[in-house]
Amino acid sequence: MYIRKIIAERKIKSAESEAKRIIEDAIKNAETRKKEILIEAKDEAHKLRNEVERENKERRNELKKSEKRLIRKEETLDNKSLIIEKKEENLSRKQKDLLSKEEKLNHLYNKQKEELEKISSLSSEEAKEMLINDIRKETEKEAAIIVKEIERDAKENAERKAREIISYAIQKCSADHVAETTVSVVNLPNDEMKGRIIGREGRNIRALETMTGIDLIIDDTPEAVVISGFDPIRREIARIALEKLILDGRIHPARIEEMVEKAKRDVEQQIKEEGEKAAFDVGVHGLHIELIKLLGRLKFRTSYGQNVLKHSIEVAHLSGIMAAELGADIKTAKRAGLLHDIGKAVDHEIEGNHVTIGEDLTKRYKEGKAIVHAVAAHHGDIEPQTVEAVLVQAADAISAARPGARRETLETYIKRLEKLEEISNSFDGVEKSYAIQAGREIRIIVKPEEINDSGIILVAKDIVKKIEDELEYPGQIKVNVIRETRAIEYAK
């Protein structure tokens, strides 16, 4: 036991000695590490201090530079402020000088104005009016010269080409027109047939006139009966019915009624066939059946003696030919040309002019906008917006105005000539006027002392406008204004 105790005590002492040594070593190491850390901290602090001092130095330098720049800017602004103040003073002084000069000028102006009014014996308003009149006259003269130059240039460039196209179109589409009348003549095999047509106490002729709505004229003309009526379709029905009755030989009211009904069916069939033939001849397809029937009715309609169906076909051909020459839509031009007078088929049944009726009909039967517009614009009631509408308008005028296409009664013809001369003579400065070439030209002689060379251009344009507004006429009318100055002396 004792030995164990001794050994234990030795171990304890040894352990204590070891522990003491370890503690001492730890203390030494800690002191050493502490010194190292302090040294490192001092070094880091030194570095940070140097860095801060360097940054502060740079900032101070930058602040000094900024301060110098601000000082320079302040000096510059001060200088500019001084310059501006000087300029304001100069402007103020100049403004005062200007106001003073303006007052002096107004005073001088008023004084000179008063002196001028005394010298000229005119007030300022009168002088102003005189000046305006002089300027107006000069402007009118210049305007007339410009109009003349524009017209000359346009004619030089356009007239030749237009003539070529129109001549080519007319040459390709020349057609003979027979003037239609409001009467038809039916030949009889003998004069005895007249009595049978009249019937007992006139019952046959009354029945025929009542059923057809026409007048039957039986006079001394040998072997002929005249059928008179303004409705060409009714007149045609009466003619066909009368010819059938003459061939049949049985003429009495019941037979007349039967033949009139047959004639109506024949005419309706003829109307449809004529409409289909016209559309086929022109090359227009897909027309509504009602439009085809209306076209056929135009065969029995005349305008100034010109057959309207033949006129429509001619206009369609002319429009198509001119469209081909100009690169426009040929199909549209032909279709519009064929339908342009479609309103004339029913203008005696529907209120309104044939242009408005035609526009409504083409809309109703689903024609295209271009066709409807061309029909509405072919007489210039509205401004044409397409090339095809212009071509239809031109083709219509060509077809109607060409020699032999139309005729009119002597009374209407004379009234038109008198109205032409009356319109021309209504203008100031016109001395005489003469309607020539069957009313297609009006020659006007003006007073040279009242109208100068430039003024005759404006007079011609004013007369043209008045003729277009107040007169109805086929084709076109040439207005020729003549100014002549003569100097006459006698040798004695």
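Everything that follows concerns the structure shown earlier in this document.
Residues numbered from 1 in each chain as written. Predicted model: local features only at pLDDT ≥ 70, side-chain atom pairs only at ≥ 80, totals over all residues. Heavy atoms only, no water.

Visitor: Break down the sheet that holds strand β6 (residues 430-436) for me, citing the residues and quoting the values.
Guide: As summarised here, the arrangement of the three strands in space is β6-β7-β8, forming an open sheet in which the pairing is mixed. Two strands close off the open sheet at either side, each with one partner strand: β6 and β8 (478-483). Across the sheet, the mean angle from the axis of one strand to that of its neighbour is 20°, orientation sign disregarded. Taken together, the six bridges between strand β7 (residues 441-446) and β8 define a ladder with parallel strand orientation. In the strand pairing of β8, Ile-444 is matched with Val-481. Here helix α14 (residues 455-470) sits on the sheet and contacts β7 and β8; the angle it forms with β8, its principal contact strand, is near 150°. (Pairing = 2+ DSSP bridges. Helix = DSSP H or I, 4+ residues; strand = E, 2+ residues; numbered from the N terminus. Axes fitted to C-alpha atoms, helices over the stretch in contact; angles between N-to-C directions. Contact = heavy atoms within 4.5 Å.)

Visitor: Describe in detail unusual backbone geometry, supporting the description with residues and values.
Guide: The residue Glu-201 is not glycine, and still its phi comes out positive at about 55°. The class of Glu-201 is exposed, set by a relative accessible area of 71%. (Buried < 20%, exposed > 50% of the residue type's maximum accessible area, 1.4 Å probe, protein only.)

Visitor: Outline the side chain of Ser-319, supporting the account with residue identities and numerical values.
Guide: By the element assignment, Ser-319 lies in helix α8 (residues 308-326). In contact with Ser-319, other than residues within four places in its own chain, are Ala-333, Gly-337, Leu-391, Val-392 and Ala-395.

Visitor: Give me the lowdown on a negative patch on the surface, citing residues and values where you can.
Guide: On the surface, a cluster of negative charge is made up of Asp-428, Glu-431, Glu-449 and Glu-450. With respect to the element layout, Asp-428 can be found in the loop between α13 (410-425) and β6. (Patch = residues over 30% accessible without salt bridge, like charges linked within 9 Å, V, L, I, M, F, W, Y side chains within 5 Å. Areas by Shrake-Rupley, 256 points an atom, 1.4 Å probe, with all protein chains shown as cover. Salt bridge = Lys/Arg side-chain N within 4 Å of Asp/Glu carboxyl O. Lys, Arg positive; Asp, Glu negative; His and termini not counted. Charge placed at Lys NZ, Arg CZ, Asp CG, Glu CD.)

Visitor: Give me the nonpolar core: which residues, what numbers.
Guide: Leu-287, Leu-295, Leu-338, Leu-339 and Ile-342 are the most contacted members of the largest nonpolar core, which totals 28 residues. Contributing elements (two or more residues each) for this core: α6 (253-282), α7 (289-297), α8, α9 (330-339), α10 (354-364), α11 (369-377) and α12 (387-401). Ignoring anything within four residues of it in the chain, the contact list for Leu-338 reads Ala-279, Val-282, Val-284, Leu-287, Leu-295, Ser-312, Ile-313 and Ala-316. With 27 residues, the next largest nonpolar core counts Ile-205, Leu-242, Ile-251 and Ile-256 among its residues. (Core = buried A, V, L, I, M, F, W, Y, C linked by side-chain atoms within 4.5 Å.)

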